[in-house]
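The residues making up each chain are set out below.
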Amino acid sequence: MYDPTDRGTAIDIEVNDRLRKTLALILAGGRGSRLMDLTDWHAKPAIPFAGKFRIIDFTLSNCINSGIRRIGVLTQYKAHSLLQHIQRGWGFLRGEFNEFVELLPAQQRTQGENWYKGTADAVFQNLDIVHAHRPEHVLVLAGDHVYKMHYGKMLAHHLAAGADVTVACIEVPLEAAKGFGVMAVDEDDRIVRFDEKPAHPQPMPGHPDKAMASMGIYIFNAQLLFDLLQKDSTAAGTSHDFGKDLIPALVKSHRVIAHHFQDSCVMHEGAREHYWRDVGTIDAYWEANMDLTTVTPALNLYDESWPIWTDQPQSPPAKFVFDSDNRRGMAVDSLVAGGCIVSGAVVRRSMLFSNVRVNSFCVVEDVVILPNCDIGRHARLKRCIVDQGVVVPPGLVVGEDAALDAKRFHRTEKGITLVTAERLKLLGA
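Quantities reported herein were computed from a predicted structural model and do not represent experimental measurements.

A.B. asks: Explain the overall build of the protein to me, please; I cannot follow it from the model alone.
C.D. replies: Scanning the protein for helices and strands turns up 11 helices and 29 strands. Its C-alpha radius of gyration of 23 Å places the protein within 12% of the 22 Å reference for a compact globule of 429 residues. Along the first, second and third principal axes, the C-alpha atoms of the protein reach 70 × 50 × 45 Å. Put simply, the protein has 429 residues, and 52% of those count as buried. Nonlocal contacts in the protein, meaning residues at least 24 apart in sequence, comprise 60% of its contacts between residues at least 6 apart. Accessible surface, the protein: about 19200 Å² in total, of which carbon and sulfur atoms supply 49%. Taking the average location of the 46 positive side-chain charges in the protein and that of its 52 negative ones, the two points are 6 Å from each other.

Structure follows, in C-alpha cells:
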C-alpha cells in the first residue's frame, strides 16, 4: 500500500521531473445552477469567494504551488468574466520556459460541431491541443471546488502504484454520496467498483455511515487517455463523461487506483479537518464564507507556504469612520477587503468583498456582500448574500421576516436570502 510519508530523494527528483511533463486540464464550463441568480451571468468557477478571490483561484493555485505550470482551462457557459479574470490575474507564467495558462473555450473544433457534451467530450474536443503539448500525464481537475491539495503527492502515488489512472477520493456522509461517484477498493487501494451518483451508495467497510467518493480529480497516463477519448467519441450510448462512462469501464480492464485526499491535503498546524468544499448551493456558499470569519477557520488563507493567487483591483485600504455612540463605523469577527468603507455602521460576522460601502446607521450581521455594492442608510441585513454591484436602498430590512423575504427574494430552506439587483428592480427599489 502506498505510504505518502515514505518518499526518498530519488522519487522526489522523478516526481518533480514528471510534474514538469504533466498537463493540467481544468474543467470550468459549468453553470452551477444551484447557485441560482449568482450564476445568471457568470460561470460557477468565476464566482467571488473569501473576500478577494474567485473559486477557480484555488485549483489554479494548487497547480502552481504543486509545480505544475502547464495548464489549460476549458470554458463554456457565460465565460466572459472568467476569461477576463484569468487573462488579468494569471498571465505571469513565462511561455519561453514552457509555462502557461491556456484558455480553451468551446470552439466546435471536431467534426460534429457540438458544444461540450460532457467532461470527457470537453477534453476530446481539444485533443489536438493536448497532443501538441506532448504530456506524459494529464491531470484532469474541476474548477469549482475550494480546497488546498499537493498534486505532486498524488502523482507520486500514481507512479509508485504503477497506475494507469488514479482517482482522488474523499470520505463523505452516506446520504451525501448520492451526488458523487462512489467507489470500492481492495487492500491495495485498487478500485474494484465505481458507481456514478448511485441511488443507494455502498458504505465503506467498518463505516456504515460513510462512503468513499470521487473528487472529480484524475491522473491519466497520456497515451491511454488519448485512446480512451477517441474510442468514447464514436461509442453508442455514452454520455461522454469521465465519471459516468470512462472510469467505470476502466475499473474492469485497467489498473485504476484510489488516492486518499488526506494524503495530499495541505493543512495548517492544528487543523481540524481535511478541508474540501463544494460551494455549489446558496447555503453551502454562505456557510463556507461565514466559516472564514471565525477565530480559527477550517481553511487557512494566511499560509505563506501555500498562497492563493488571484487578480485583484488596486484598491485603497479599508476605512472605518465615525465614532459616536449612535454612529460608529466598526466591524467585528469579519473579513473586510480593500476599497471598503464602513461609515457609521455596524458589521458583525460578515464578509465584505472589494469596494463595498456600508452607509451610516446600517446593521449588517452574518452577511456576504460581493464586490462593488452600496448599502443604503438605515438598512438592516441579516443572514443573506448581496450579489455583485447591488445598490441596497435606504431602510431595506432583510433577514427579520421570513415570509416577506421569501416573497421578495430567493430564500433557502435554511433561511439564507439572496439579494440581487434584478429582484430589487422588480420591487421598484
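A.B. asks: What exactly am I supposed to notice about the sheet that holds strand β19 (residues 341-343) here?
C.D. replies: By definition, the strands of a sheet pair up through backbone hydrogen bonds, in either a parallel or an antiparallel sense. One open sheet holds the five strands; their spatial order is β14-β19-β22-β24-β26, and the pairing between them is parallel. The open sheet is flanked by β14 (319-321) and β26 (391-392), the only strands paired with a single partner. Bridge count for β19 against strand β22 (residues 357-358) is two bridges, and the pairing is parallel. Pairing of valine 342 across the sheet is with valine 358, part of β22.

A.B. asks: I'm lost on the packing of aromatic side chains in this one. Help?
C.D. replies: Aromatic ring pairs: the centre-centre distance and the angle between the two ring planes describe each pair. Across all of its chains, the model carries 10 aromatic pairs by this definition. Taking 5.6 Å as the distance between ring centres and 40 degrees as the angle between the ring planes, the aromatic pair formed by tryptophan 90 and phenylalanine 92 counts as tilted. Residue classification places tryptophan 90 among the buried positions, given a relative accessible area of 2%. A residue is classified by how much of its surface remains accessible, and phenylalanine 92, at 39% relative accessible area, is partly exposed. An angle of 75 degrees between the planes, with centres 6.2 Å apart, marks the rings of tyrosine 147 and phenylalanine 261 as edge-to-face. With tyrosine 147 in strand β7 (residues 145-147) and phenylalanine 261 in the loop between β12 (256-260) and β13 (276-278), this pair connects stretches of sequence that are 114 residues apart. Taken together, the aromatic side chains of Phe49, Phe53, Phe58 and Tyr285 make up a single cluster linked through ring pairs. The residue whose ring lies beneath lysine 78 is tryptophan 41, and the NZ or CZ to ring-centre distance is 4.1 Å. The residue whose ring lies beneath arginine 327 is phenylalanine 322, and the NZ or CZ to ring-centre distance is 3.7 Å.

A.B. asks: I tried to follow helix α7 (residues 222-234) on my own but got confused; where do I start?
C.D. replies: Side chains that are three or four residues apart share a direction in an α-helix, a result of its 3.6 residues per turn. Given a rise of 1.5 Å per residue, 13 residues ought to cover 18 Å, and the 19 Å separating the end C-alpha atoms of α7 matches this to within 8%. Against α4 (119-124), α5 (127-132), β6 (137-142), β8 (165-173), β11 (210-221) and α8 (242-253) lie the buried residues of α7.

A.B. asks: Explain the nonpolar core here, please?
C.D. replies: Buried together is how nonpolar side chains tend to be arranged in soluble globular proteins. If you look at the biggest cluster of nonpolar residues, it comprises 41 residues, and the most contacted ones within it are Leu60, Ile71, Val73, Leu141 and Ile217. Among all residues touching valine 73, those that are not within four sequence positions of it are Ile26, Ala28, Ile56, Leu60, Ile86, Val101, Glu102, Leu103 and Leu104. Core analysis: the next-biggest nonpolar cluster, separate from the first, contains 40 residues, Tyr116, Val165, Leu225 and Phe226 among them.

A.B. asks: What should I look at first to understand the pattern of salt bridges in this one?
C.D. replies: Note on pairing: side chains with opposite charge can pair once their charged atoms come close. Using the criterion set out here, one finds 24 salt bridges in the structure. A salt bridge links aspartate 325 to arginine 328; the nearest nitrogen and oxygen atoms lie 3.4 Å apart. In this structure, arginine 349 engages aspartate 366 in a salt bridge whose closest nitrogen and oxygen atoms are separated by 2.9 Å. Note that arginine 349 is positioned in the loop between β20 (346-348) and β21 (351-352) and aspartate 366 in strand β23 (residues 363-369), a separation of 17 residues in sequence. Within this structure, Glu14, Asp17, Arg18, Arg20, Lys21 and Glu136 form a network of salt bridges that share partners.

A.B. asks: Honestly, unusual backbone geometry in this entry has me stumped. Any pointers?
C.D. replies: The general pattern is negative phi for most residues beyond glycine and trans for most peptide bonds. Unlike most non-glycine residues, lysine 78 shows phi in positive territory, near 35 degrees. In this structure, lysine 78 sits in the loop between β4 (70-75) and α3 (80-89). Despite not being glycine, asparagine 355 has its phi angle at roughly 60 degrees, a positive value. By relative accessible area, asparagine 355 is classed as partly exposed at 29%.

A.B. asks: I'm lost on the pairing of strand β25 (residues 380-386) in this one. Help?
C.D. replies: Regular strands place their side chains on alternate faces of the sheet. Where β23 meets β25, six bridges bridge the pair, whose relative direction is parallel. Bridged to glutamate 365 within β25 is lysine 382. Here β25 pairs with strand β27 (residues 397-398) via two bridges, running parallel. Opposite arginine 380, over in β27, you have valine 397 as the bridge partner. Strand direction decides the pairing type here: β25 and strand β29 (residues 417-419), joined by three bridges, are parallel. Along β29, the bridge assignment pairs isoleucine 385 with leucine 418.

What counts and what doesn't
- Residues numbered from 1 in each chain as written.
- Predicted model: local features only at pLDDT ≥ 70, side-chain atom pairs only at ≥ 80, totals over all residues.
- Heavy atoms only, no water.
- Helix = DSSP H or I, 4+ residues; strand = E, 2+ residues; numbered from the N terminus.
- Rg over C-alpha atoms; globule rule 2.2 N^0.38 Å.
- Buried < 20%, exposed > 50% of the residue type's maximum accessible area, 1.4 Å probe, protein only.
- Contact = heavy atoms within 4.5 Å.
- Areas by Shrake-Rupley, 256 points an atom, 1.4 Å probe, with all protein chains shown as cover.
- Lys, Arg positive; Asp, Glu negative; His and termini not counted.
- Charge placed at Lys NZ, Arg CZ, Asp CG, Glu CD.
- Pairing = 2+ DSSP bridges.
- Phe/Tyr/Trp six-rings, centres within 6.5 Å; stacked < 30°, edge-to-face > 60°.
- Lys NZ or Arg CZ within 6 Å of the ring centre and 35° of its normal.
- Expected span 1.5 Å × (residues − 1).
- Core = buried A, V, L, I, M, F, W, Y, C linked by side-chain atoms within 4.5 Å.
- Salt bridge = Lys/Arg side-chain N within 4 Å of Asp/Glu carboxyl O.

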